[in-house]
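Here are the chains, one letter per residue:
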Amino acid sequence: MLDTTDRKIINGLQGGFPVCDRPFAEAAESLGLEECDLVARISRLRETGVLSRFGPMYNADAMGGAFCLCAMAVPLGRFDDVVEQVNAHEEVAHNYERVHALNVWFVLGTDDPDRIDAVIGEIEAETGLEVHAFPKEHEFFIGLKVDA
Amino acid sequence: MDEIDRKIVAATQAGLPLVTQPYHKIAEELGLEPDEVIRRIKGMDDTGVIRRIGVVPNHYKLGLNANGMSVWDLDDARAQVLGAKVGALDFVSHCYLRPRSLPVWPYNLFAMVHGENRDEVEEKARIIADLLGPACRTQDILYSTRILKKTGLRIAA
C-alpha cells in the first residue's frame, strides 16, 4: 500500500528532478523528507512496480529520431507468433493488445527516422500482414497530471 | 548531440542509479568528470532532448485499471482548436492528431483516458464528446487488455 509520503513523491516528482551534485538531497528538502529516505522510497516503489521508471525521459524527435504509433489486425490463431515477430525488433518500444479489429498497437522509437519505414517494411514482410502507421501530426500540450 | 551525449543517453535511458550521487555514478561508469555529466544533462534538458526527469508511475499499480485509447473522427478544419481543448482536460494523459487509415480507421484525434474502471473511462469520454459536439462524426474507445512489451526507447551508445 502507498502511504501519504509515497503519494507525495509520485505526485511531486514527475518532473523537475534536480541535476546537481546531490539531487536527492535537494528534491527531499522540497518534499520535507531526508535524502536517504527519498532514495529508499523511490527504490522500493521501483522494485514493487508502482513506478515503471525513474530518470530522464528522452524525446526521440529532439535527438533527430522519431516515434511512430502502428497497428495491425492479427488473426487470433497466429497471435502469439506474430507478437513475437513484432517484439523481436528492438525499435518496438512498447506494445499493447487492444479490443478492436486492429488488435495489436505498438510504438516504434528510433534515433534514425529512416528506420521507421524500414522496420514497418520488415514486419510486413515477416508477418505477411499490413502495418497501419499513425505518425503524430500534432501533439497537444498535456503537462503532468497523474494523481496518486 | 555528440558521441558523449549519446553515451550519457544510453547509460541513463533505463533509469538513474538510486544512490545519493547518481550523476557521479554515471560519470564514473563512463570515465567522465561529474561536472561534465551534469552540464550535459542540463544542456539536453534545456534543448528538449530530455522531456523531463522524474518518476513514471504505473497506472495499473495506482488502481487505474481501465486504460482507454479514445479515438475521434474530427472535422479537420476544427481539429487543432478542439484537440487543444481535449488535451487541456485534466484526465487526458496524451493527446495527438494522427492520419486516418481508411477504410479501417476513420479517426484522427487520439486521447488517452485512464480510470479505475471502464464506467469511469466512459464517463470521461462523454465529457470529451460534449466538448467536441457535432464536429465529431464517430468515435470509439479501445481498451488495452494486455501489455505485450514495455521497454521504452533504446538507443545505441
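Here the structure is a predicted model, which is why all the values come from computation and not from measurement. (Residues numbered from 1 in each chain as written. Chains lettered and ligands numbered in written order. Predicted model: local features only at pLDDT ≥ 70, side-chain atom pairs only at ≥ 80, totals over all residues. Heavy atoms only, no water.)

## Description of the side chain of T110 of chain A
Argument step 1. As for its placement among the helices and strands, T110 of chain A is situated in strand β4 (residues 104-110).
Argument step 2. At 2.8 Å, the side chain of T110 of chain A forms a polar contact with the backbone nitrogen of D112 of chain A. (Helix = DSSP H or I, 4+ residues; strand = E, 2+ residues; numbered from the N terminus. Polar contact = N/O pair within 3.5 Å; in protein donor to acceptor, adjacent residues only side chain to side chain.)

## Structural notes on the interface of chain A and chain B
Argument step 1. Taken together, the 73 residues of chain A in the interface contact 75 residues of chain B.
Argument step 2. When chain A packs against chain B, close to 6800 Å² is buried across both sides, 62% of that on carbon and sulfur atoms.
Argument step 3. When residues of chain A are sorted by the area they lose upon contact with chain B, V19, Y58 and F140 of chain A head the list and together hold 12% of the total.
Argument step 4. Counting across the interface, chain A meets chain B through 2 salt bridges.
Argument step 5. Salt-bridge contacts for E97 of chain A lead to R146 of chain B; the nearest nitrogen and oxygen are separated by 3.2 Å.
Argument step 6. The tally of links between chain A and chain B comes to 34 residue pairs in polar contact (both at pLDDT 80 or more).
Argument step 7. No other element matches the 8 residues that strand β1 (residues 51-58) of chain A contributes to the side of chain A that touches chain B.
Argument step 8. Partitioned by chemical class, the residues of the side of chain A that touches chain B number 41 nonpolar, 18 polar and 14 charged. (Contact = heavy atoms within 4.5 Å. Buried area = accessible area lost by both parts, 1.4 Å probe. Salt bridge = Lys/Arg side-chain N within 4 Å of Asp/Glu carboxyl O. Nonpolar A, V, L, I, M, F, W, Y, C, P; charged D, E, K, R; others polar.)

## Focus: the state of the cysteines
Argument step 1. Per the counting criterion, the structure on display carries 0 disulfides over all chains.
Argument step 2. For C70 of chain A, which is in no disulfide, the shortest distance to another cysteine sulfur is to C68 of chain A and amounts to 4.1 Å.
Argument step 3. Free of any disulfide, C136 of chain B has its nearest cysteine sulfur in C95 of chain B, 12 Å distant.
Argument step 4. Given the relative accessible area of 17%, C136 of chain B is considered buried. (Disulfide = S-S within 2.5 Å. Buried < 20%, exposed > 50% of the residue type's maximum accessible area, 1.4 Å probe, protein only.)

## A look at the packing of aromatic side chains
Argument step 1. Within this structure, the stated rule accounts for 10 aromatic pairs over all chains.
Argument step 2. Ring geometry for F134 of chain A versus F110 of chain B: centroids 5.9 Å apart, planes at 50 degrees, classification tilted. Here F134 of chain A is found in strand β5 (residues 132-134), whereas its partner F110 of chain B is found in strand β4 (residues 109-115) on a different chain. An identical accessibility class is assigned to F134 of chain A and F110 of chain B; each is buried.
Argument step 3. Judged by centre distance (5.8 Å) and plane angle (35 degrees), the rings of W105 of chain B and F110 of chain B are tilted.
Argument step 4. Cluster of aromatic residues (ring-pair linked, three or more members): W105 and F134 of chain A together with W105, Y107 and F110 of chain B. (Phe/Tyr/Trp six-rings, centres within 6.5 Å; stacked < 30°, edge-to-face > 60°.)

## Some details on the domain arrangement of chain B
Argument step 1. Domain annotation for chain B reports domain 1 (3-47) and domain 2 (60-143).
Argument step 2. Look at where the C-alpha atoms of domain 1 of chain B and domain 2 of chain B centre, and you get two points 37 Å apart. (Domains from an automatic or database assignment.)

## Digging into the nonpolar core
Argument step 1. Ranked by size, the top nonpolar core spans 36 residues in total, and within it L13, F17 and L38 of chain A together with Y23 and I41 of chain B carry the most contacts.
Argument step 2. Listing elements by their share of this core, those giving two or more residues are α1 (4-12), α2 (23-31), α3 (35-47) and β1 of chain A together with α1 (3-12), α2 (22-30), α3 (34-47) and β1 (50-57) of chain B.
Argument step 3. When sequence neighbours within four positions are dropped, the list of residues in contact with F17 of chain A reads P23, F24, A27 and F54 of chain A together with L16, Y23, I53 and G54 of chain B.
Argument step 4. Formed by 23 residues, the second largest nonpolar core is a distinct cluster that contains L89, F91, C95 and A111 of chain B. (Core = buried A, V, L, I, M, F, W, Y, C linked by side-chain atoms within 4.5 Å.)

## Section: the pattern of salt bridges
Residues and elements named next belong to chain A.
Argument step 1. By the definition in use, this model includes 20 salt bridges over all chains.
Argument step 2. When the shortest N-O distance is used, the salt bridge between D6 and R41 registers 2.8 Å. Of the two residues, D6 is situated in helix α1 and R41 in helix α3; the sequence distance between them amounts to 35 residues. With respect to class, D6 is no different from R41; both count as buried.
Argument step 3. For the salt bridge of E91 with R115, the shortest nitrogen-to-oxygen distance reads 3.0 Å. Taken together, the positions of E91 in the loop between α4 (79-87) and β3 (92-98) and R115 in helix α5 (residues 114-127) put the pair 24 residues apart, joining distant regions of the chain.
Argument step 4. Within the structure, one salt-bridge network assembled from shared partners comprises D3, D6, D37, R41 and R44.

## Considering the packing of α2 of chain A against α3 of chain A
All names here are of chain A.
Argument step 1. Packing of α2 against α3 leaves a shortest axis separation of 8 Å and a crossing angle of 95 degrees. Overall, the two elements α2 and α3 adopt an arrangement that is roughly perpendicular. Contacts between α2 and α3 involve F24, A25, A27, A28 and L31 from the former and E35, L38, V39 and I42 from the latter.
Argument step 2. Taken together, the residues of the contact of α2 with α3 break down into 8 nonpolar, no polar and 1 charged. (Axes fitted to C-alpha atoms, helices over the stretch in contact; angles between N-to-C directions. Parallel < 35°, antiparallel > 145°, perpendicular 65-115°, else oblique.)

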